[in-house]
Amino acid sequence: MAEGALFNVAEGIIGQLGKLALKELGLLWGVKEELQKLVDTVSTIKAVILDAEEQQAQNHTIKNWLGRLKDAFFEADDLLDDFSTEVLRQEVMTRNKKAKEVRIFFSKSNQLAYGLKMGHKIKAIRERLEAIAADRKFHLEERPRETQVSNRVRETHHFVRAEDVIGREVDKKVIIDRLMDPKIEENVSVLPIVGIGGLGKTTLAQFVFNAEEIKNHFEKKLWVCVSDDFDVKVIVEKILEYAKGKKPEKLEMSTLINLLHKEIDGKRYILVLDDVWNDDAEKWDRLKGSLLGGARGSKILVTTREEKVAKISKTIEPHFLRGLNEEESWSLFKQKAFEKGQEPKNLRIKEIGMEIVRKCKGIPLAIKTIGSLLCFKNSEYEWMSFMNRDFSKLDQKENDILPTLKLSYDHLPSHLKQCFAFCSLFPKDYQIEKEIMIKLWMAQGFIKQSGQNQCLEDVGHEYFMELLWRSFFQKDTGSIFKIHDLMHDLAISVAGLESITFGINEEKMDEKTHHMSFGLNLGLSTQIPILLLKANRMRTFLLPCQKQYSSQIVWNQLTCDAFVSNFKFLRLLDLHQTGIKNVPYSIGKLKHLRYLDLSYNEDIKMLPSSITMLQNLETLNLFYCRGLIELPKNISKLVNLRHLNIDWCSSLTHMPRGFGQLTNLRSLAQYVLSTNSRRGGELKELHGLNQLRDNLRIKNLRQKKGAELEYKAANLKEKQYLRDLALEWIKGEVDVGSNEVSVEALEPHQNLRSLELNGYTGVKYPSWLSLLKNLVRLMLDSMKNSQDVLPLHQFPSLKTLWLFDAPSLDYVSLASESFKLPPLEFLTIGSCPNLKGWWKRRNDSLEEDEDDADNYGEISTITAKNHSQPSFSHLSHLNISDCPTLSSMPLFPYLEELNLQNSNLRPLERTISMGMISTASQENPTLAESTSYAPSSSSTLAASFTPLSNLKSLGIGMIEGSDNHFLQHLTALEELSLYNYNGDETELEWQWLRKLQYLKLSDHPKLASLPVALQQATSLRSLEISNCPSLTTLPEWIREIISLQLLRISDCPNLISLPALTSLNTLGIRSCPNLISLPALTSLKTLGIRSCPILVESCKNQDWVARIENLEGDLAPLKEEDPERSRGFTTIFGRYSGSTSQYLSDEDHHLVIRR
């Protein structure tokens, strides 16, 4: 256990012994007296533990005594867990009084034998503890209770996210000036920031990285935390992950480099390499070589503690970071130590505080952690005591702040010490998900309820936020957190030998090791490492470094059984993404198990029935087990199960009967109804599961008469903690009347924030929809008969609306004089062929002209051309597909991304024609709401705003109503995709697109040459052309666009020649059979050709082709086994699809993927 956490373990043992059920069984088994004696013994020892833990650093005898006590406590805890498990087993078995195994279990002889066995064990551990207590030859003060911290942390959590950067404005300006220095001639130069640990190098780099000047100066911003392991391939993967927002697949290094070049070549980029330790010049040169394709002025910002690292990497002189001055240090300290950052009224406390700040030597991390610690001390006496007793003893060297951080750890409550030390099992810079970490802590018993009605997860949240406030964690993004590398060093130090990372310090593993993680990918390991067998009382087996697409372990049945038999005390078992196909039956022997992660094992089809013997199991993670067909029939025996993740288990056919007995469930990703009524649990199984939280998807709802009784039994209205509900009906069944009646019985609680209706066949929406005032996201899919209008005025917080496949729908919403548009940010409308417009008049007449403001009353408006028009004031992403009759809708002047496919161009033209938007008036609240978004996060409002001046990305295909003049208004456009475009491309006003960087032209049968006006697009970097059968060549003037770096051409059968494009570094050609040769393109770094046999043969004879770094497709060198070859070729060409999803925003892609 963690250093200083023994007190909490003692409390846990006493808590176990105090359980009523345990007392009753103790009486039945004749061990009640022994149990009470054990309570007395542990209570006596517990009273002196706090003093012993404080003294152990100065007294080796006390430290050894605590070590012996710790071992005994662990064994006592395991023994009592055995006992409690038998109690649980009794409760489960007595549900069925007729069961034969119950009669056997409770036979007199069986009870007597078990009682004798347990009595001997309890007596032995008690006597061992008494002997240790009697062996204490030193005085210890009794402190039966740990000092409680105040609840002030709960009031100040908001400071964590908005923490100011103090004292770094000068450093920031100096670094920004050097990064933007026009005199530097290199394409890519390197600026190191050097300073000791905890000085704020990363914070300063973030400060610079997020500066508006940097955002405007660089075209691409990238961030990678390197840490200890300087693996060039891993770093390239991390760069790509940051650039694309998702992890790249398992690819060869050459393919990764190609993808990297696509992202950065020809672009002025800034890359931050944070926390670099590598001083191997050869490794650095290998990485830098792959980054040199950036445009002139590209910069790499390196943060490091080592001057040697700076010397081998720099092309610009390093910036040496110093500590904060006294005034800055005090300002930071006040922010953490005093409520609302206000200076204390007690002058003596201020004096003590300033003295402490001076001893922190200007190191921000030390100041913050000590300040956070003192935040919970209110009196002058407490401050003085800390200063004289604790802080004065610090032996802190100039560049070592670990003693200061250790002091902050020493003052943590015992329960938080365990939680923090457990984090040593994760590698440095690991992205910690709060909800997962809480479940891991729960599995170890670290989280204790202080009240009977408290939810463990809520208590865990309080623990986590307290550690965050005290700076033991750092906020990253969303629900992701990290640990500063110095804090990670501290975690390893205080965890001691009980927590080992295999691959880093496994040589220290022994029988006292209780927590183990693999600091590397398991790979193709077929055997249990021999060293692992020493840790036979191991409680944790964790795989934090198991990579996606990694080689997978191949453990046979014997190996699996050996693992289970050797580690029978496991409480946490992580086997995610290991490629196992059959979970061993012997897993049922792990009776202490609380947490089992089998996620991402796609070949698991069934779970063994023995898994239901794990009565202590709290979390079962089966996420993305896509082959899983069914859950065990007796899953109801898992009486402690709180979290069952079966999201993305797409083959799951039904839920087992008796599922409703799992009344402790807190999360259940989906509930699958059987399409065969004779098997599986019905919807009524959900009736009592009212503690469900987060998201729930109910699949295979039936459209049949009488369904309302079954649906009502689900009791969704009482599930107040649900935030996201998806209701999915079986496709193909049509019973409109019954469906409208039965859906009323599925009314959810009004706390719901996200709702999806998928496959609902009613004409009208359920009446309860308008009651969901807190909705943030609404998804309506496959609404075949829907003709109703949405009560959008009832959703004041709605940010995302998805309306798809509603062929009978004429209008979206009802016009009224008393409401505004919801504050939508993402809007997707697709496959609504009869949709005419947004508003339906209340008198049911068709809307005549939406340019007439009188039709709308006081709807959210913007002033334009001296009249008001309805407008989305926050909409940033709009996707409309297969809605050819949709000619009128609210305007969308602040859009950033627009995709129109097989739809009318009129809404776009109306938005363009609205003219300049006045932002001068602040008296009209509607106007203020509309214009506040216009400057795109800028707090200063301009005098006027041009509609669509924020539009960066546009996709258009099969558009009706185009006059070919819309491009002249889209001067900020950076990405343009034209596919199946019905207009004349040559008449489009390309000359206005001076900022255009990416252009895709697909499925243009009449396109014989590129439009002449396109030569005005002087920022063009990427050009992709596909399926243009009339195209014969590219014009010579394209050579003048020197920014062009990437060209892809496919399915152009009449293409016969290409000009010599000297700026290109990537060229891909596919299915262009009449292109028989290429000019010498000596700047190329990547060339891929497929299905052009004559061209391939021609290129094989060209010397300049042989010198190209990466040859892909039919030019790639043949290998005996090269699974990456075709995949690599795909990275050259990408995947073209005519589907709408190709052009959806990230938000909408997420919605598609979920289904």
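This structure is a prediction, so every number in the text was calculated from the model and none was measured.

(A) Representation of the state of the cysteines in the model. The final tally for this structure, using the stated rule, is zero disulfides. Unpaired in terms of disulfides, C832 finds its nearest cysteine sulfur in C883, a separation of 4.7 Å.

(B) Representation of the confidence of the model for the protein chain. With 84% of its residues at a pLDDT of at least 70, the protein chain reaches an overall mean of 83. Predicted confidence for residues 844-867 stays below pLDDT 50, and this span has 74 contacts to residues more than four positions away or in other chains. Confidence drops under a pLDDT of 50 for residues 919-943, and excluding neighbours within four residues, the segment shows 48 contacts in the predicted structure.

(C) Main features of the pairing of strand 32 (residues 953-957). For strand 32, the buried fraction is high: five of the five residues fall into the buried class. Burial along strand 32 is two-sided: the face carrying S953, G955 and G957 and the face carrying L954 and I956 are both buried. Here five bridges tie strand 29 (residues 897-903) to strand 32, and the two strands are oriented parallel to one another. Bridging across to strand 32, E897 finds its partner in S953. Relative to strand 33 (residues 975-979), strand 32 runs parallel, the two being bridged by five bridges. The residue bridging L954 from the neighbouring strand is L976, located in strand 33.

(D) View of the pattern of salt bridges. Under the defined criterion, the tally for this structure stands at 50 salt bridges. The partner of R68 in a salt bridge is D135, with the nearest N and O atoms 2.7 Å apart. With R68 in helix 4 (residues 60-93) and D135 in the loop between helix 6 (108-134) and helix 7 (158-161), this pair connects stretches of sequence that are 67 residues apart. According to the relative accessible area criterion, R68 is partly exposed, its value standing at 37%. Judged by relative accessible area, which is 36%, D135 ranks as partly exposed. One network of salt bridges, with partners in common, ties together D77, D78, D81, R537, R539, R571 and R594.

(E) Here's a closer look at the nonpolar core. Judged by nonpolar contacts, the single largest core of 165 residues is most densely connected at F541, L622, L644, W838, F966 and L1078. Sorting elements by how many residues they give to this core places strand 19 (residues 722-729) first, with four residues. Contacts of L1078, omitting those with residues within four sequence positions, involve L1058, L1067, I1069, L1087, I1089, L1095, C1099 and W1104. Grouped together as the second largest cluster of nonpolar side chains are 88 residues, V208, L321, C419 and V459 included.

(F) Region of interest: the pairing of strand 22 (residues 800-804). Across the five residues of strand 22, four count as buried, placing the element largely inside the fold. Pairing of strand 21 (residues 777-781) with strand 22, which is carried by five bridges, proceeds in the parallel orientation. The partner of D781 across the bridge, within strand 22, is F804. Two strands pair when backbone bridges link them, and strand 22 and strand 24 (residues 826-830) are joined in this way by five bridges, in the parallel orientation. Note that in strand 24 the partner of F804 across the bridge is G830.

(G) Representation of the packing of aromatic side chains in the model. Here the structure, examined in full by the defined rule, presents 29 aromatic pairs. Ring geometry for F209 and W223: centres 5.3 Å apart, planes at 75°, overall edge-to-face. Residue F209 is located in helix 9 (residues 201-209), and its partner W223 is located in strand 2 (residues 220-227); the two are separated by 14 residues in the primary sequence. For W223, a relative accessible area of 15% translates into the label buried. On the basis of an interplanar angle of 5° and a centroid distance of 5.5 Å, the ring pair of F338 and W383 is categorised as stacked. Here F338, found in the loop between helix 15 (326-337) and helix 16 (347-359), pairs with W383, found in helix 18 (residues 380-390); they are 45 residues apart in sequence, far enough to count as distant. Comparing F338 with W383, the two get one shared label, buried. Directly above the aromatic system of Y409 lies the positively charged group of K417, at a separation of 5.8 Å from the ring centroid.

(H) Structural context of the sheet that holds strand 14 (residues 619-621). If you trace the eight strands from one edge of the open sheet to the other, you get 9-10-11-12-13-14-15-16, paired in parallel fashion. Edge positions in the sheet fall to strand 9 (499-502) and strand 16 (667-668), since each of these pairs with one other strand and no more. In this sheet, strand 11 (residues 540-542) lies alongside strand 10 (residues 515-518) in parallel orientation, the contact comprising three bridges. Bridge pairing in strand 11 places S517 opposite L542.

(I) A look at the sheet that holds strand 3 (residues 269-276). The strand order across the open sheet built from five strands is 2-3-4-1-5, with neighbouring strands paired in parallel fashion. Of all the strands in the sheet, just strand 2 and strand 5 (319-320) have a single pairing partner and so form its edges. Pairing analysis gives seven bridges linking strand 2 to strand 3, with the strands arranged parallel. Considered in strand 3, the bridge of V224 is made with L273.

Conventions and cut-offs
Residues numbered from 1 in each chain as written. Predicted model: local features only at pLDDT ≥ 70, side-chain atom pairs only at ≥ 80, totals over all residues. Heavy atoms only, no water. Disulfide = S-S within 2.5 Å. pLDDT = per-residue confidence, 0-100. Contact = heavy atoms within 4.5 Å. Buried < 20%, exposed > 50% of the residue type's maximum accessible area, 1.4 Å probe, protein only. Helix = DSSP H or I, 4+ residues; strand = E, 2+ residues; numbered from the N terminus. Pairing = 2+ DSSP bridges. Salt bridge = Lys/Arg side-chain N within 4 Å of Asp/Glu carboxyl O. Core = buried A, V, L, I, M, F, W, Y, C linked by side-chain atoms within 4.5 Å. Phe/Tyr/Trp six-rings, centres within 6.5 Å; stacked < 30°, edge-to-face > 60°. Lys NZ or Arg CZ within 6 Å of the ring centre and 35° of its normal.

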